[in-house]
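Remarks on the overall topology
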Amino acid sequence: MAASTSQHALSSIKFWSTSNFSLEKPTCHVHSVSVGRRCPSARSLGLVCASNSQSSVVEPVQLPGSPKSSITPKKSSESALILIRHGESLWNEKNLFTGCVNVPLTPKGVEEAIEAGKRICNIPVDVIYTSSLIRAQMTAMLAMMQHRRKKVPIIVHNESEQAHKWSQIYSEETKKQSIPVITAWQLNERMYGELQGLNKQETADRFGKEQVHEWRRSYDIPPPNGESLEMCAERAVAYFKDQIIPQLAAGKHVMIAAHGNSLRSIIMHLDKLTSQEVISLELSTGIPMLYIFKEGKFIRRGSPAGPSEAGVYAYTKNLAQYRQKLDGMIQ
Ligand SMILES: O=C(O)[C@@H](CO)OP(=O)(O)O
């Protein structure tokens with residue numbers, strides 16, 4: 001599989017605009033993820049109120065990796081990290097193993113993405129990461145169409161020098177009204193090898209339920225000629241650490257639209273799940289999950305259930321202020 005966006009190319013991308021917020025004390029909120037033995041308590045999923053500085057637009061910064069990177073970790077900043085598994089795809093609907101096959105969303109998947117966007121429409125987003133697969137990209141775009149800030153998500157094309165040059169934006173004001181969307185094959189779904197395109201039920205009938213469950217949910221047993229979750233985690237988590245954490249550390253609010261297994265491996269890393277615990281982690285399509293990144297740690301904040309849900313805006317004072325600002329802009 002070829003990398004659609006090299007890390008070298010990414011290092012030259014410039015970003016614009018951000019906002020910060022903070023958190024203090026927990027209240028309650030429910031998470032959308034189900035994980036077997038290690039289901040977090042309502043307390044640990046608590047939402048928070050806080051006091052801190054206003055959202056602000058900042059000068060463009062460079063992505064990490066660049067020798068002249070201007071990303072400097074902000075000691076006291078808190079950033080939002082939204083994870084969304086793509087909406088239902090045409091092969092989810094047909095119950096086919098999909099992996100890295102590039103199939104689009106169904107109308108239901110489109111609806112799920114729109115619904116996900118409504119849930120996060122008041123949460124700041126400065127940069128979006130998606131896999132190189134259309135179902136994740138559609139989900140990111142459709143979700144952002146619902147955002148009240150109305151910035152334009154723009155896919156960054158750095159696959160060649162010409163693509164980079166031909167997609168330049170020459171207005172600082174237009175850049176400010178844009179959100180870069182970075183596509184990375186490392187966030188792709190786990191490559192399902194020779195199961196890709198097979199019907200899940202028929203495969204279970206043929207090879208046995210246990211065997212298929214082992215291929216689908218064990219940590220380190222790959223399907224025939226495919227990737228195990230461990231192999232998928234190796235590239236997805238490495239990308240997350242190298243490319244995404246520096247953005248969060250710089251105070252950027254990040255959304256990742258990706259896949260069941262690439263997100264399971266990232267959640268495994270964020271929530272420090274063991275390889276035993278991750279096998280019972282299941283993610284629903286089109287459900288956004290929020291984490292707060294603070295002082296180098298990730299705090300799980302569950303899934304915003306709706307845009308006007310009071311608890312969502314109690315995550316942090318700055319988040320509430322961001323929403324107020326949006327209210328003011330929209331009136
Ligand atoms: O087919 C796939 O690519 C994945 C996600 O839909 O399936 P599974 O549920 O087995 O991880």
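Fair warning: this is a prediction, and the values are worked out from it, not measured in the lab. Each chain has its residues counted from 1, running along the sequence as written. This being a predicted model, a pLDDT of at least 70 is required before a residue's local features are given, and a value of 80 or more before pairs of side-chain atoms are given or counted; all residues contribute to the totals for chains, interfaces and linings. Hydrogens and water molecules were not included; the side-chain quantities draw on all heavy atoms of the structure.

Centres within 6.5 Å are what make two rings of Phe, Tyr or Trp a pair, Trp counting through its six-membered ring; a difference in plane orientation under 30 degrees is then read as stacked, over 60 as edge-to-face, and the rest as tilted. Scanning the entire structure with this criterion turns up five aromatic pairs. Considering the side-chain rings of Phe-240 and Phe-298, the 5.8 Å spacing of their centres and the 45° angle between planes classify their relative orientation as tilted. Placement of the pair is Phe-240 in helix H9 (residues 229–249) and Phe-298 in strand E11 (residues 297–300), with a sequence separation of 58 residues. For every residue, the accessible area (1.4 Å probe, protein chains only) is compared with the maximum for its type, and the residue is labelled buried under 20%, exposed over 50%, or partly exposed between those bounds. Of the residues examined, Phe-240 reaches a relative accessible area of 0% and is grouped as buried. Judged by relative accessible area, Phe-298 falls into the buried class, the value being 18%. Ring pairs connect the aromatic residues Phe-240, Phe-293 and Phe-298, which therefore count as one cluster. Cation placement over rings: the criterion is NZ of Lys or CZ of Arg within 6 Å of the ring centroid and within 35° of the ring normal. In this structure, Lys-200 packs its charged tip against the face of Phe-97, placed 5.4 Å from the ring centre. Secondary structure elements are defined from DSSP: runs of H or I of at least 4 residues count as helices, runs of E of at least 2 residues count as strands, and each element is numbered from the N terminus.

So, about the pattern of salt bridges. What makes a salt bridge here is a side-chain nitrogen of Lys or Arg within 4 Å of a carboxyl oxygen of Asp or Glu, nothing more. Applying the stated criterion to the full structure yields seven salt bridges. Between Lys-108 and Glu-88 there is a salt bridge whose closest N-O contact spans 3.8 Å. In this pair, Lys-108 sits in helix H3 (residues 107–119) while Glu-88 sits in the loop between strand E5 (78–85) and helix H2 (90–93), placing the two residues 20 residues apart along the sequence. Taking relative accessible area as the criterion, Glu-88 reaches 12% and is therefore assigned buried. Between Arg-148 and Asp-327 there is a salt bridge, with its nearest N and O atoms 2.7 Å apart.

Within the secondary structure layout, Ile-114 lies in helix H3. Each C-alpha atom of the pair Ile-114 and Gly-87 lies 9.1 Å from the other, and the pair is 27 residues apart in sequence. Note on contacts: a residue pair qualifies if any of its non-hydrogen atoms lie within 4.5 Å across the two residues. Not counting the four nearest positions on each side in its chain, Ile-114 is found in contact with Leu-142 and Gln-146.

What follows concerns the confidence of the model for the protein chain. Summing up the model confidence of the protein chain, the mean pLDDT is 80 and the portion of residues at 70 or higher is 73%. Both scores are available for the predicted complex, with the pTM at 0.79 and the ipTM at 0.96. A residue's pLDDT is the confidence the predictor assigns to it, expressed on a 0 to 100 scale.

Moving on, we come to the site of the ligand. Whether a residue is near a molecule or strand is decided by its heavy atoms; if any one of them lies within 4 Å of it, the residue is near. Around the ligand, the neighbouring residues are Arg-85, Asn-92, Leu-96, Phe-97, Thr-98, Gly-99, Glu-189, Tyr-192, Lys-200, Arg-216, Arg-217 and Asn-261. A distance of 2.6 Å is found between an oxygen atom of the ligand and a side-chain nitrogen or oxygen belonging to Tyr-192. A distance of 3.0 Å is found between an oxygen atom of the ligand and a side-chain nitrogen or oxygen belonging to Arg-217. Coverage of the ligand by the protein chains reaches 95% of its 310 Å² of free accessible surface. Put simply, Ala, Val, Leu, Ile, Met, Phe, Trp, Tyr, Cys and Pro go in the nonpolar bin, Asp, Glu, Lys and Arg in the charged bin, and everything else, Gly too, in the polar bin. Residues belonging to the shell around the ligand are distributed by class as follows: three nonpolar, four polar and five charged. A 3.5 Å cut-off defines polar contacts: any pair of N or O atoms within that distance qualifies, except that in protein one atom must be a possible hydrogen donor and the other a possible acceptor, and neighbouring residues in sequence count only when both atoms are side-chain atoms. Where accessible areas are quoted, they stem from the Shrake-Rupley method and a 1.4 Å probe; at the residue level, only the protein chains shown are allowed to cover.

Okay, unusual backbone geometry next. In the Ramachandran plot, Asn-95 falls in the positive-phi region, its phi being about 60° despite a non-glycine side chain. With a phi angle near 60°, Lys-150 is a residue other than glycine that sits in the positive phi range. Following the sequence through the fold, Lys-150 ends up in the loop between helix H4 (134–145) and strand E7 (152–155).

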